[in-house]
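Analysis of the macromolecular model
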Amino acid sequence: MGVSEGIPRRLGQGRSCCPHCGLPQDRVATLGHEWVMLEPDLRPLAHEVPAGHRWIELSDGRVTVYGVCPPEQFQRCRIEHRLACPAQLLPDLWPWLTDRRDENARRTERRNAPQPEPPHEEWPDAG
């Protein structure tokens, strides 16, 4: 196990910022030796996500599209960040995803909002 002090190392983990909205996204390896950018900290029930958009996490850290219909009742999955990105125009795929996109848009606005000026140490004489 090497330097990881007995903790198995997971493949393909990483986090970067989306070039469109600036929010974080998880960079994860796929079974096909490619990369996919997934929405962080979101694992909806797989039956709520259309088959072609379900990314299932494997034990080694990679992900694969899960097209089995219907999935197990309590199976969780992940979705690509591009589906939840507020800066990309996409159709309204699912109501809960629209809510996620709206929340991400608010997060982007807060991140890009101008910061208030620091208070002045001495106020001018107003007469």
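Quick note: structure is the one above.
Scope of this entry: the structure provided in the associated data block.

Rules used in this analysis
Here the residue numbers are simple positions, counted from 1 along each chain's written sequence. Reporting of local features is limited, given that this is a predicted model, to residues whose pLDDT is at least 70; pairs of side-chain atoms are given and counted only at 80 or more, and all residues count toward the totals for whole chains, interfaces and linings. Computation of side-chain values covers all heavy atoms of the structure but excludes hydrogens and water. Numbering goes from the N terminus for both helices and strands, where a helix is a DSSP run of H or I of at least four residues and a strand is a run of E of at least two. Here a polar contact is taken to be a pair of N or O atoms separated by no more than 3.5 Å, where protein atoms must pair a possible hydrogen donor with a possible acceptor and residues adjacent in sequence count only if both atoms sit in side chains. The rule is short: rings of Phe, Tyr and Trp, with Trp giving its six-membered ring, pair when the centres are within 6.5 Å, and they are stacked under 30 degrees, edge-to-face over 60, tilted in between. Remark: a charge is flagged as sitting over a ring if the NZ atom of Lys or the CZ atom of Arg is within 6 Å of the ring centre and within 35 degrees of the ring normal. Here a residue-residue contact requires only that any non-hydrogen atoms of the pair lie within 4.5 Å. Whether a residue is buried, partly exposed or exposed follows from its accessible area with a 1.4 Å probe, protein chains only, as a fraction of its type maximum: under 20%, in between, or over 50%, in that order. Pairing between two strands requires that DSSP report at least two bridges joining them.

Moving on, we get to the environment of D60. Along the chain, D60 turns up in the loop between strand 4 (55–57) and strand 5 (63–65). Each C-alpha atom, one on D60 and one on A29, is 9.9 Å from the other, the two residues being 31 residues apart in sequence. Within the structure, the side chain of D60 is placed 2.7 Å from the side chain of R62, a separation counted as a polar contact.

Tallying each qualifying case throughout the model produces zero aromatic pairs. Between R27 and the ring centre of W35, over which it is positioned, the NZ or CZ distance is 3.7 Å.

Another aspect to go through is the environment of D26. Along the chain, D26 turns up in strand 2 (residues 24–29). When the C-alpha positions of D26 and L38 are compared, they lie 5.0 Å apart, and in sequence the two are 12 residues distant. Residues contacting D26, with those up to four places away along its chain left out, are G14, R15, V36, M37, L38, P40 and R78. Among the polar contacts listed, one links the side chain of D26 to the side chain of R15, at a separation of 2.8 Å.

On to the pairing of strand 2. For strand 2, a buried count of five out of six residues is recorded, marking the element as mostly surrounded by other parts of the structure. Note: strand 1 (residues 15–17) against strand 2, three bridges, orientation antiparallel. Of the residues in strand 2, the one forming a bridge with C17 is P24. What sits between the antiparallel neighbours strand 2 and strand 3 (residues 35–38) is a turn of five residues, in which H33 has the positive phi angle 60°.

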